[in-house]
Amino acid sequence: SSGINAEYGGETIKDYISIIQSAKAAFDERVKIFSTWESAQSTLAKKREAKNKATAQGKAERVAQCEEDIKFWEGKVEKCQEDFELISKNLKDEIRIFEEVWVREVKEAISSYFQKTIDNQRKIVGHWKEFLPEAKIIN
């Protein structure tokens, strides 16, 4: 019985570690998305500067190209922001679920394991108490 409890506890801990590893991977992905978003914002700013420069120089063809580039990069920035907000929301949801469910389950598993261990120790003490009078006779 205690083998089963230890095995269950081991499985619970393996699940716990797996979830932490998944969370770390998700946080790493969030950092990559944020970096991509920042890069897109930087590129967009450069495209706007190029348009302003082309406008000041009266280069209509270059201005038209810059406007196309700006439109593209505005879409890219918006998509990156949406991706970042989505992964942030998903991570918050996962952390909440982890705290509500997994932490409770781990606590319950550990508590159950220790309670059964204490019960087994009490049984052993009871058996020794029963045996004690016979041991005194032998002595």
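Every value quoted in this text rests on a predicted model; they were computed, and no experiment measured them.

**Student:** Help me out: how do you make sense of the nonpolar core in this one?
**Tutor:** A general tendency of soluble globular proteins is for nonpolar side chains to be buried together. Formed by I33, W37, A40, L44, I70, W73, V77, C80, F84 and I87, the largest nonpolar core amounts to 10 residues. Listed by contribution, the elements that provide at least two residues to this core are α1 (2-56) and α2 (60-138). Per-element tally for this core: the top contributor is α2, with six residues. Leave out the neighbours within four places in its chain, and W37 touches V77, C80, Q81 and F84.

**Student:** I'm lost on α2 in this one. Help?
**Tutor:** Along an α-helix, a turn takes 3.6 residues, which lines up residues three or four apart on a common side. Between the first and last C-alpha of α2 there are 112 Å, a value that for 79 residues agrees with the 117 Å anticipated at 1.5 Å per step. Along α2, the sharpest kink reaches roughly 40°, centred on L132 and followed within four residues by the proline P133.

**Student:** Is there a simple way to explain the packing of aromatic side chains in this structure?
**Tutor:** In this description, an aromatic ring pair is defined by two values, namely the gap between the centres and the angle between the planes. A complete count under the given rule lists six aromatic pairs for this structure. Ring geometry for F34 versus W37: centroids 5.8 Å apart, planes at 90°, classification edge-to-face. Placement of both F34 and W37 in helix α1 is noted, with a separation of three residues, approximately one turn of the helix. Since its relative accessible area comes to 33%, F34 is described here as partly exposed.

**Student:** Explain the pattern of salt bridges here, please?
**Tutor:** Here the structure, examined in full by the defined rule, presents nine salt bridges. For D69, the salt bridge is made with K47, and the minimal N-O distance between the two is 3.6 Å. Remark: K47 occurs in helix α1 and D69 occurs in helix α2; sequence separation between them is 22 residues. Its salt-bridge partner being E108, residue R104 comes within 3.7 Å of it at the nearest N-O pair. Taken together, the positions of R104 and E108, both in helix α2 and four residues apart, correspond to about one turn of that helix.

**Student:** Before we go on, may I ask you to explain the environment of A54 in this structure?
**Tutor:** Among the structural elements, A54 can be located in helix α1. Counting along the chain gives 77 residues from A54 to F131, while the straight-line C-alpha distance between them is 99 Å. With sequence-adjacent residues up to four places away left out, A54 is seen in contact with K59, R62 and V63.

**Student:** How should I be thinking about the layout of surface pockets in this particular structure?
**Tutor:** It is a probe the size of a water molecule, rolled over the atoms, that shows where empty space is left. Considering only enclosed or pocket space, the largest pocket measures out at about 240 Å³ in volume. I19, I20, S22, A23, A26, F27, L91, E94, I95, I97, F98 and W102 together form the lining of the largest pocket. Residue assignment for the lining of the largest pocket shows that the elements contributing at least two residues are α1 and α2. Residue composition of the lining of the largest pocket, grouped by class: 10 nonpolar, one polar and one charged.

Definitions and limits used
- Residue indices follow the written sequence of each chain, beginning from 1 at its first position.
- Thresholds applied to this predicted model are a pLDDT of at least 70 for local features of residues and 80 or more for the giving and counting of side-chain atom pairs; totals over whole chains, interfaces and linings are not thresholded and use all residues.
- Side-chain numbers come from the whole structure's heavy atoms, not from hydrogens or water.
- For our purposes a nonpolar core is just a set of buried Ala, Val, Leu, Ile, Met, Phe, Trp, Tyr and Cys residues, chained together by side-chain atoms within 4.5 Å.
- Three exposure classes are used, based on accessible area relative to the maximum for each residue type with a 1.4 Å probe and protein chains only: buried under 20%, partly exposed in between, and exposed over 50%.
- Counting from the N terminus, the helices are DSSP H or I runs at least four residues long and the strands are E runs at least two residues long.
- A contact between two residues is defined here by any heavy atoms of the two lying within 4.5 Å.
- One fewer than the residue count of a helix, multiplied by 1.5 Å, yields its expected span.
- Two axes enter the definition of the bend at a residue: one is fitted to the seven residues ending there, the other to the seven starting there, and the bend is the angle between them.
- Only the six-membered ring of Trp is used, alongside the rings of Phe and Tyr, when aromatic pairs are assigned; centres must lie within 6.5 Å, and planes under 30 degrees apart are stacked while those over 60 apart are edge-to-face, with the rest tilted.
- A pair is scored as a salt bridge if a Lys or Arg side-chain nitrogen falls within 4 Å of a carboxyl oxygen belonging to Asp or Glu.
- Space inside and on the surface of the protein is sampled on a 1 Å grid over the protein atoms alone, with a cavity defined as a set of points where a 1.4 Å probe fits but cannot get out and a pocket as an open set with protein on both sides within 12 Å along at least 5 of 7 lines; lining residues have an atom within 4 Å of a point.
- Grid points are joined across faces, edges and corners, and a volume is the space filled by probe spheres set on the points.
- Residue polarity is assigned by list, with Asp, Glu, Lys and Arg as charged and Ala, Val, Leu, Ile, Met, Phe, Trp, Tyr, Cys and Pro as nonpolar; anything else, Gly included, falls into the polar class.

By themselves, these observations are geometric and do not establish any function.
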